[in-house]
Amino acid sequence: MELKPNKLKQTLKDGKVAFGTCINVFSPNLVELAGYCGLDFCRIENEHAWRQDQSMEHMMRAAVVGDIAALPRIDKNNPYLIRKIYEIGAMGFIIPDIQNSEEVKEIINAAKFPPAGERGYSGNVFSSGFGTRAGEEWIKWSNRELLVGVMIEDPKAVQDIDNIMSLEGLDFVLFGPADFSLNMGLPAPQKNHPDVQDALKKTIKAAKNNGKHVMIGVGYPWEEEAQKYIDMGCQMIEIGHDYTILRNAWEGTVKKFK
């Protein structure tokens, strides 16, 4: 793996909108295809999935081949997963269910090599070319180029959103309207509920005030909802999941002809 600049990070720094998708099926081919299609990032679902094998490593290699930033979503409260996901080639990660800024501080600490954090060192990993690019250059590259992301999906996190967004080392947040709806006490996900949309607006405002970025997932019809959230200030647009994209195509076609 080459120590190249993170294209996704540069796109965001330049003030441009980054587009991505989510892969649930752990297919390296889909990750590679996403890159060939011109997407900037690919969130890999490992919160609501059970993969503790070599599948993720294959997907990271596919991301390198397809020249797309892989952003696995990994479990909360396991700082060792952060180190491991970086070591196999991820250009960033996403931690779900954030409650407050103290939790984000711990995540940043686990993600950065000293003196910025406490990430443990080993150069014998894919990210450093299995030692061929290890050492000081790799450490500086890792701290500079690799992204740190967390999820805002609880009203308690929005209450602390200014402190969260002010933290050095945090790059972006993924706003999760489904869990936010449920954590508000609603009986089912309601993405367009006024209180959910208001929380998203507060998140976007805090992000802009602190030089951070907000990701949001969009559903079908993709273009209409994507434009809505771009106009609101979201800079990272996740275009569906592999499941939802296929479901819309298959169901839509079947309903049309049956």
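Preceding block: the structure.
Residues numbered from 1 in each chain as written. Predicted model: local features only at pLDDT ≥ 70, side-chain atom pairs only at ≥ 80, totals over all residues. Heavy atoms only, no water.

(A) View of the state of the cysteines. Summed over all chains, the structure comprises zero disulfides. Take Cys-22: it sits in no disulfide, and the sulfur closest to it among the cysteines is that of Cys-42, at 7.0 Å. Under the relative-accessibility criterion, Cys-22 is labelled buried at 0%. Free cysteine Cys-234: the closest other cysteine sulfur is in Cys-22, separated by 17 Å. Residue classification places Cys-234 among the buried positions, given a relative accessible area of 2%. (Disulfide = S-S within 2.5 Å. Buried < 20%, exposed > 50% of the residue type's maximum accessible area, 1.4 Å probe, protein only.)

(B) Structural context of the pairing of strand 8 (residues 236-241). Summarising the sheet, strand 1 (residues 18-23) and strand 8 pair through four bridges and their orientation is parallel. When the sheet's bridge partners are listed, Ala-18 is paired in strand 8 with Met-236. Pairing analysis gives four bridges linking strand 7 (residues 213-218) to strand 8, with the strands arranged parallel. Within strand 8, the residue paired with Gly-217 across the bridge is Glu-238. Handedness of the crossover is the feature at issue here: the chain leaves strand 7, passes through helix 11 (residues 222-232), returns alongside strand 8, and the resulting connection is right-handed. (Pairing = 2+ DSSP bridges. Helix = DSSP H or I, 4+ residues; strand = E, 2+ residues; numbered from the N terminus. Right-handed = clockwise from strand over helix to strand, strands pointing away.)

(C) Fine view of the packing of aromatic side chains. Counted under the stated rule, the structure contains seven aromatic pairs. Ring centres of Tyr-220 and Trp-222 lie 5.7 Å apart, and the angle between their planes is 80 degrees; this geometry places the pair in the edge-to-face category. Ring pairing ties together the aromatic residues Phe-113, Tyr-121 and Trp-138, which thus form one cluster. (Phe/Tyr/Trp six-rings, centres within 6.5 Å; stacked < 30°, edge-to-face > 60°.)

(D) Structural view of helix 4 (residues 79-87). What helix 4 keeps buried is the set Ile-82, Ile-85, Tyr-86 and Glu-87. Lining the buried residues of helix 4 we find helix 3 (55-66), strand 3 (69-73), strand 4 (92-95), helix 5 (101-111) and strand 5 (147-152). Positive phi shows up at Gly-89, right after helix 4, with a value of about 115 degrees. (Contact = heavy atoms within 4.5 Å.)

(E) Quick peek at the pattern of salt bridges. Applying the stated rule across the entire model yields 16 salt bridges. For the salt bridge of Asp-97 with Lys-76, the shortest nitrogen-to-oxygen distance reads 3.8 Å. Of this pair, Asp-97 sits in the loop between strand 4 and helix 5 while Lys-76 sits in the loop between strand 3 and helix 4, and the two are 21 residues apart along the sequence. Overlapping salt bridges, with partners in common, bring together Arg-43, Glu-45, Glu-47, Arg-73 and Glu-238 in one network. (Salt bridge = Lys/Arg side-chain N within 4 Å of Asp/Glu carboxyl O.)

(F) Here's a closer look at the nonpolar core. Core analysis: the biggest nonpolar cluster contains 75 residues, and Leu-8, Val-31, Ile-44, Leu-71, Ile-82, Phe-93 and Leu-170 have the highest contact counts within it. Broken down by element, this core gets its largest block of residues, six residues, from helix 10 (residues 194-209). (Core = buried A, V, L, I, M, F, W, Y, C linked by side-chain atoms within 4.5 Å.)

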